[in-house]
Amino acid sequence: MIPLQVREVGYAYEDGPVVLSGLTLAIPAGRALALLGPNGSGKTTLLRLLTGGLVPDSGTVELAGVPIRHDRKGLTALRRAVQLVVQDPDDQLFSASVVQDVSFGPLNLGLPPDEVRARVATALAALGITDLAERPVHLLSFGQRKRVAIAGAIAMRPEVLVLDEPTAGLDPAGQEALLVTLAELRAAGTTVVMATHDVDLALRWADDAAVLAGGRLHTGAAASVLSDTALLAAASLRPTWGHAAAAVLRSHGLSTADSALPRTPEELASFAAPERLGEFSDREKPTDLRA
Ligand SMILES: Nc1ncnc2c1ncn2[C@@H]1O[C@H](COP(=O)(O)OP(=O)(O)OP(=O)(O)O)[C@@H](O)[C@H]1O
Ligand SMILES: [Mg+2]
């Protein structure tokens, strides 16, 4: 089953240029998709179309094969299944306190108070902001507000979670906490779509990648799309650190063309582990490591 599909969608803002035209994208259930592209390429526009905030000028957006309706009933049904965390937390947060903001969605679903409390506590813990629960939202730092906005969407337990540059403004620990949370959601079957400028994060995290460049969308397996240096350059993106490290490993005989890409410092270190070096013949081992 394909939960979300954009079919031949076109969109232009009023009095603005055409942002997207004839764009098609399928997001299969349970997959993690990274959406990349330069500033102004239309990532946020596409995510707002996916989540019902904008109505396409042409084409359809379909949830589980059914075109979404943009009337009140249709959007209410859509928001139960699909949650968007917008780029700027100040466009999302509106309650006085953190706990009120994160509770708002689950309360609106009509869930019993105990269930709401449990979901809010879990979401706050997942984002490492339990100690901020009673704090006024407007006095929080940007990164803290960003975490609150993500917690609010997670507390809704959506089938599809759509995040617009969620790691921008998060410190490294916050980014790791978010990745752990997203991994848990995915293990539970949640589909996750994330717009990001971070190619290394996309390579590490996503199953699939979609690059918006020059009004066109290039999609495929993340490792393959993100190894296309010409495409990345056309989208104002730098090559991934993992692909650069893989090239160095290959040139030193420490990996082969079909070895998995190192995506983290830990994975890179594993290429130099003694048991790993045993995979290669003496002839292939680099001189400095044989000594
Ligand atoms: N409300 C709006 N009214 C008119 N034009 C808009 C509006 N929002 C965005 N645009 C224009 O639409 C295009 C796509 O913008 P969008 O925000 O989707 O890009 P983006 O890929 O998310 O960029 P960024 O990486 O900066 O977040 C840009 O040219 C932008 O100027
Ligand atoms: Mg954007």
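Here the structure is a predicted model, which means the values were calculated and not measured.

Next up on the list: the domain arrangement of the protein. One can read the domain layout of the protein as domain 1 (4–229) and domain 2 (240–285). Between the C-alpha centres of domain 1 and domain 2 there is a distance of 34 Å. Tallying the contact residues gives seven residues for domain 1 and seven residues for domain 2. At the boundary of domain 1 with domain 2, total buried surface from both sides reaches about 610 Å², with 69% on carbon and sulfur atoms. Its largest share of buried area at the contact with domain 2, domain 1 owes to D200, L203 and R204, together 70% of the area lost on that side. Where domain 1 packs against domain 2, one counts zero salt bridges. At the boundary of domain 1 with domain 2, the tally comes to four residue pairs in polar contact (both at pLDDT 80 or more).

A general tendency of soluble globular proteins is for nonpolar side chains to be buried together. L36, V102, L182, W205 and L226 are the most contacted members of the largest nonpolar core, which totals 50 residues. Sort the elements by how many residues they give to this core and helix α5 (residues 142–154) lands first, with six residues. Excluding residues that lie within four positions of it along the chain, L226 makes contacts with L36, V199, A202, L203, A209, L232, T240 and H243. Listed in part, the 30 residues of the second largest apolar core include Y11, L54, V61 and L212.

Distances from the magnesium ion (ligand 2) to its protein donors, T44 (OG1) and Q87 (OE1), fall within 2.0 to 2.3 Å. Placement of the pair is T44 in helix α1 (residues 43–50) and Q87 in the loop between β6 (82–85) and α3 (98–108), with a sequence separation of 43 residues. By relative accessible area, which is 33% here, Q87 ends up partly exposed.

This part covers the site of ligand 1. Looking at ligand 1, there are 13 residues lining it, with G40, K43, T44, T45 and Q87 nearest. Computed on the free molecule, ligand 1 has an accessible area of 630 Å², of which 63% lies beneath the protein chains in the complex. At three residues, α1 tops the list of elements feeding residues into the shell around ligand 1. Taken together, the residues of the shell around ligand 1 sort by class into three nonpolar, eight polar and two charged.

So, about the pairing of strand β4 (residues 58–63). Strand direction decides the pairing type here: strand β1 (residues 4–12) and β4, joined by five bridges, are antiparallel. In the strand pairing of β4, Q5 is matched with E62. Connecting β4 to the antiparallel partner strand β5 (residues 66–67) that follows it, the hairpin turn spans two residues, and A64 within it adopts a positive phi of roughly 50°.

What counts and what doesn't
- Residues numbered from 1 in each chain as written.
- Chains lettered and ligands numbered in written order.
- Predicted model: local features only at pLDDT ≥ 70, side-chain atom pairs only at ≥ 80, totals over all residues.
- Heavy atoms only, no water.
- Domains from an automatic or database assignment.
- Contact = heavy atoms within 4.5 Å.
- Buried area = accessible area lost by both parts, 1.4 Å probe.
- Salt bridge = Lys/Arg side-chain N within 4 Å of Asp/Glu carboxyl O.
- Polar contact = N/O pair within 3.5 Å; in protein donor to acceptor, adjacent residues only side chain to side chain.
- Core = buried A, V, L, I, M, F, W, Y, C linked by side-chain atoms within 4.5 Å.
- Buried < 20%, exposed > 50% of the residue type's maximum accessible area, 1.4 Å probe, protein only.
- Helix = DSSP H or I, 4+ residues; strand = E, 2+ residues; numbered from the N terminus.
- Donors = N, O, S within 2.8 Å, 3.2 Å for Na, K, Ca; no water.
- Near = heavy atom within 4 Å.
- Areas by Shrake-Rupley, 256 points an atom, 1.4 Å probe, with all protein chains shown as cover.
- Nonpolar A, V, L, I, M, F, W, Y, C, P; charged D, E, K, R; others polar.
- Pairing = 2+ DSSP bridges.

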